[in-house]
Each structure stands twice: as structure tokens, then as C-alpha cells.
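# Geometric and topological summary
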Amino acid sequence: MSASGGTKAIVAALAANLAIAVAKFVAFIFSGSSSMLAESVHSLADSGNQGLLLLGGKKAQREATPQHPFGYGRERYIYAFLVSIVLFSVGGMFAIYEGYEKIKNPHELEHWYWPVGVLVFAIIAEGFSFRTAIKESNQTRGGLSWAQFVRRAKAPELPVVLLEDLGALVGLILALGGVGLALATGDGVWDGIGTLCIGVLLILIAIILAAETKSLLLGEAAGTEEVAKIEKAVVDGDTVTKVIHMRTLHLGPEELLVAAKIAVQHDDTAAEVASAINAAEERIRAAVPIARVIYLEPDIYSESAAAAGENPAKSPGGH
């Protein structure tokens, strides 16, 4: 996995979540807090998330084969999708179940200092993990807002870790609020309500991540900036005079397929056209280094034919 995959952020989140999961479970044993049990499962699920992301990054590095000629770059999308669907949903449903049971059968918290102490420790640890994810994301985010970054990022790991850490921090605050109200009022129902809120939060995050990774799995085109760079690089004003239409597709976060029909001079020889295509491919790779698979089809551009025919840019995925 490249640096843009946020390996540092994933490892930081994994270390934090493993330590926090153990601490929360110990606090649950001593206090009987359902919020702490839900939070321990949440942290354990998050640890599994990071393990899956690291595994997906490793598998994505395999070389292309005759059966998979475009390589395995999309493995990273598949594992990110598994994270959103399986682990977040399981954690969310478990928390909702525990919250319902606690509201139905409330009991007073024991040894309150255990959950409070662990939650404060967990908030500090998750804060450091979240800070690392933010620093890693800022290296590739550019001028995008955070919402735009999550929606447009082609590498799924950083958005997943960002939302995980944000959800963990909000969940910890909800758990602390539930435990605090249960202690203040002597009513364990508040602990169950906090647990329910944690479950709803996890499921909402799962839905957001599932929608974003589904789009990546279906196949997303290059961003508008990359498309503009490619179109500019293709045309040399001599042999290649115009891009008639073009398609782009991310084969993985750092691998882009480019297929275009380009206009050449009607009196160029085959050797001149072949040389122009090779030169155009070199310019594309220089302008957009992740454009590794390029197919250029030469054609004679006709304004009348273009005006009479269907606009290829209107077809799915067109640019």
C-alpha cells in the first residue's frame, strides 16, 4: 500500500483500538455497564477494520495475471466495503441490542470509577489516532472540504479511518454521558440509552461508508483535474488535433485506465500516426503518473458527423 493509502494512520488506529478494547472490557467486568460492553465491542470491531484494510492493501500489490490482466488494485475497495458492511453493522446491531436489554432490565452501576477512568483514557487515545488520520489526510486533501474529501477520495483507507475515529470519539462521549447520567440519577436506564445512541451512530457510519465504497467498486472515473490534464496532454496540435471522446476508470487508487478516440490528420501515414500515439501516451503518463493503462484509437474527425451523431459524452462514464 502506498503512502497515500494512509498506512501510518491505519497502524496508529489499530494500536489505539486494541489497547482501548482491552481497557473497556475490563471496565465492563468491574462495573457491569452496558455502554462499556458496547464500546469494547466497538473498539474490537474497529481493530478488525484496520486489520482488513491492511490485508486489502497487501493483496492489492499482487502482480497482474492472465485471469486478472488489470491487476488486483480493487482489492482495497472490496476490503473497505467489508469493513463498512460487516464489522460496523455487527458492532452497531450489537450495541442496539445491548441498549435495549439495559433499558428493559436496568441495574445500578458498580465501581463507577472504572468506566469513567477508561472512557477518559480512551478519549485521549482516540484523539491521538484521529489527529494522525487528519495529518495523513491533509497530505492529499488539498483544497477539498472534509465532506468532499470523503466523497472523492480514490484510496478508501483514509476516509474509513477518519470516520472510524470520529465515530469512536462521538461514541465515547455518548458512553460517558450515559454513564454520568446513570450515576447522577441512580437510574441505569441512562446507560442503556447511551448504548442505543452508540449503535445508531455506528450504523449511520456504516451506511455512509457503504455508499462511498460501493461507488468505488462500481468504478469511478478520474477527477475533473486529471481529465483536463489528460486531454491537454493528448493533443499536440500537429498529428493529434483533438480528443473526440474519452473514458477513464480507476482500476485501483493509484492505477488509472484511459481509453480515447483521437483525431489525426487525414493524410498522415500509419507510421506517423503510430509515432504520434506513442508520444501522446508518454505525455499522458508524464502529466498523470497513475495513468498506467492507456488505449488510444486514431480517427478522422468530422464536424458534420459529430453534429449528426450521438454525443459520446452523454453516455455513462463519459467525459
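Above: the structure in question.
In this text the structure is predicted, and so the values were computed from the model without any measurement.

### Things to note about the sheet that holds strand S1 (residues 240-252)
Spatially, three strands are ordered S1-S2-S3 in an open sheet, and the strand pairing comes out mixed. Each edge of the open sheet carries a strand with a single partner, namely S1 and strand S3 (291-299). Each strand axis lies, on average, 15° off the axis of its neighbour in the sheet, ignoring direction. The sheet contact formed by S1 and strand S2 (residues 255-264) spans 10 bridges and is antiparallel. Paired with Arg-247 across the two strands is Ala-259, which belongs to S2. Each of S1 and S2 is contacted by helix H8 (residues 224-234), which is oriented at about 140° to S1, the strand it contacts most. Of the strands in this sheet, S1, S2 and S3 touch helix H9 (residues 270-287), which is tilted by about 145° from S3.

### Some remarks on the pattern of salt bridges
Taken as a whole, this structure holds eight salt bridges when the rule is applied. Between Lys-154 and Glu-220 there is a salt bridge whose closest N-O contact spans 2.5 Å. Residue Lys-154 is located in the loop between helix H5 (146-152) and helix H6 (157-185), and its partner Glu-220 is located in the loop between helix H7 (189-218) and H8; the two are separated by 66 residues in the primary sequence. The class for Lys-154 is buried, based on a relative accessible area of 19%. Between Lys-261 and Glu-297 there is a salt bridge, with its nearest N and O atoms 3.8 Å apart. On the criterion of sequence distance, the pair formed by Lys-261 in strand S2 and Glu-297 in strand S3 is long-range, its members being 36 residues apart. A residue is classified by how much of its surface remains accessible, and Glu-297, at 43% relative accessible area, is partly exposed. Sharing partners across several salt bridges, the network here consists of Arg-76, Glu-157 and Glu-254.

### Overview of a nonpolar patch on the surface
Together, Phe-25, Ile-29, Phe-30, Trp-112, Tyr-113, Trp-114 and Leu-183 make up a nonpolar patch on the protein surface, roughly 700 Å² of accessible area in all. Of all elements in the fold, only helix H1 (7-31) and helix H4 (113-141) reach the threshold of two or more residues within the nonpolar patch. Looking at the nonpolar patch, the element that brings in the most residues is H1, giving three residues. By the element assignment, Trp-114 lies in helix H4. On the basis of relative accessible area, Trp-114 is assigned to the partly exposed category, the value being 31%.

### Let's talk about the packing of H1 against helix H2 (residues 34-59)
With their axes 8 Å apart at the nearest point, H1 and H2 run at an angle of 155° to one another. When the axes of H1 and H2 are compared, the pair comes out roughly antiparallel. For the pair H1 and H2, the crossing hand works out as left-handed. Tallied by class, residues from the contact of H1 with H2 come to 14 nonpolar, seven polar and three charged.

### Details of a negative patch on the surface
On the surface, Asp-236, Asp-238, Asp-267 and Glu-272 cluster together to form a negatively charged patch. As for its placement among the helices and strands, Asp-238 is situated in the loop between H8 and S1.

### Quick notes on the nonpolar core
Leu-53, Phe-88, Leu-119, Val-160, Val-161, Ile-205 and Leu-209 are the most contacted members of the largest nonpolar core, which totals 40 residues. Of all the elements in the fold, those that place two or more residues in this core are H1, H2, helix H3 (75-104), H4, H5, H6 and H7. Ranked by the residues each element gives to this core, the list is headed by H6, at 10 residues. Ignoring any residue separated from it by four or fewer positions in sequence, one finds Leu-119 in contact with Met-36, Leu-172, Ala-175, Leu-176 and Val-179. Ranked by size, the runner-up nonpolar core spans 22 residues in total, among them Val-227, Val-240, Leu-256 and Val-258.

### A look at the side chain of Ser-43
Take Ser-43: it is sitting in helix H2. Overall, Ser-43 belongs to the buried group, its relative accessible area being 1%. In this structure Ser-43 touches Asn-17, Ile-20, Ala-21 and Lys-24, once residues within four positions along its chain are discounted.

### Quick notes on the packing of aromatic side chains
The final tally for this structure, using the stated rule, is three aromatic pairs. Each ring, one from Phe-25 and one from Phe-28, has its centre 5.9 Å from the other, and the planes form 40°; the classification is tilted. With Phe-25 and Phe-28 both in helix H1 and three residues apart, the pair spans about one turn of that helix. Since its relative accessible area comes to 40%, Phe-25 is described here as partly exposed. On the numbers, 4.5 Å between centres and 5° between planes, the contact of Phe-30 with Trp-114 is stacked. Pair noted here: Phe-30 is in helix H1 and Trp-114 is in helix H4, with a separation of 84 residues, a long-range link. Positioned above the aromatic ring of Tyr-72 is the side chain of Arg-62, whose terminal nitrogen or guanidinium carbon lies 3.9 Å from the ring centre. When the ring centre of Trp-146 is taken as reference, the NZ or CZ atom of Arg-141 above it lies at 3.9 Å.

Thresholds applied
- Counting restarts for each chain: residues are numbered from 1 in the order of the written sequence.
- Only residues with pLDDT of 70 or above have their local features reported here, since the model is predicted, and side-chain atom pairs are shown and tallied only from 80 upward, although totals for entire chains, interfaces and linings are computed over all residues.
- The basis for every side-chain value is the complete set of non-hydrogen atoms in the structure, without hydrogens or water.
- Pairing between two strands requires that DSSP report at least two bridges joining them.
- Each helix corresponds to a stretch of at least 4 residues labelled H or I by DSSP, and each strand to a stretch of at least 2 residues labelled E; elements are numbered beginning at the N terminus.
- All axes here are fitted lines through C-alpha atoms, helices being fitted over the stretch that makes contact, and every angle between N-to-C directions spans 0 to 180 degrees.
- Here a residue-residue contact requires only that any non-hydrogen atoms of the pair lie within 4.5 Å.
- Between Lys or Arg on one side and Asp or Glu on the other, a salt bridge is scored when a side-chain nitrogen of the former is within 4 Å of a carboxyl oxygen of the latter.
- Only protein chains enter the accessibility calculation, which uses a 1.4 Å probe; a residue is then buried when its area is under 20% of its type maximum, exposed when over 50%, and partly exposed in between.
- What makes a patch is a set of residues exposed beyond 30% relative accessible area and free of salt bridges, joined within 9 Å when like-charged and within 5 Å when nonpolar (Val, Leu, Ile, Met, Phe, Trp, Tyr).
- Calculation of accessible area relied on Shrake-Rupley with a 1.4 Å probe; when residues are assessed, cover is drawn exclusively from the protein chains displayed.
- Each angle receives one of four descriptions, namely roughly parallel if under 35 degrees, roughly antiparallel if over 145, roughly perpendicular if within 65 to 115, and oblique otherwise.
- The sense of a crossing depends on the near helix, which, turned anticlockwise from the far helix by less than a right angle, makes the crossing left-handed and, turned clockwise, makes it right-handed.
- In this count, Pro and Cys sit with the nonpolar residues alongside Ala, Val, Leu, Ile, Met, Phe, Trp and Tyr, while Asp, Glu, Lys and Arg are called charged and the others, Gly among them, polar.
- In this count, Lys and Arg are taken as positive residues and Asp and Glu as negative ones, while His and the chain termini are left out.
- A charge is said to be at NZ when it belongs to Lys, at CZ for Arg, at CG for Asp and at CD for Glu.
- For the purposes of this section, nonpolar cores are sets of buried Ala, Val, Leu, Ile, Met, Phe, Trp, Tyr and Cys residues that join through side-chain atoms within 4.5 Å.
- Pairing of aromatic rings covers Phe, Tyr and Trp, the last through its six-membered ring, and needs centres within 6.5 Å; plane angles under 30 degrees mean stacked, over 60 mean edge-to-face, and all others mean tilted.
- Here, a charge over a ring means that NZ of Lys or CZ of Arg falls within 6 Å of the ring centre while also lying within 35 degrees of the ring normal.

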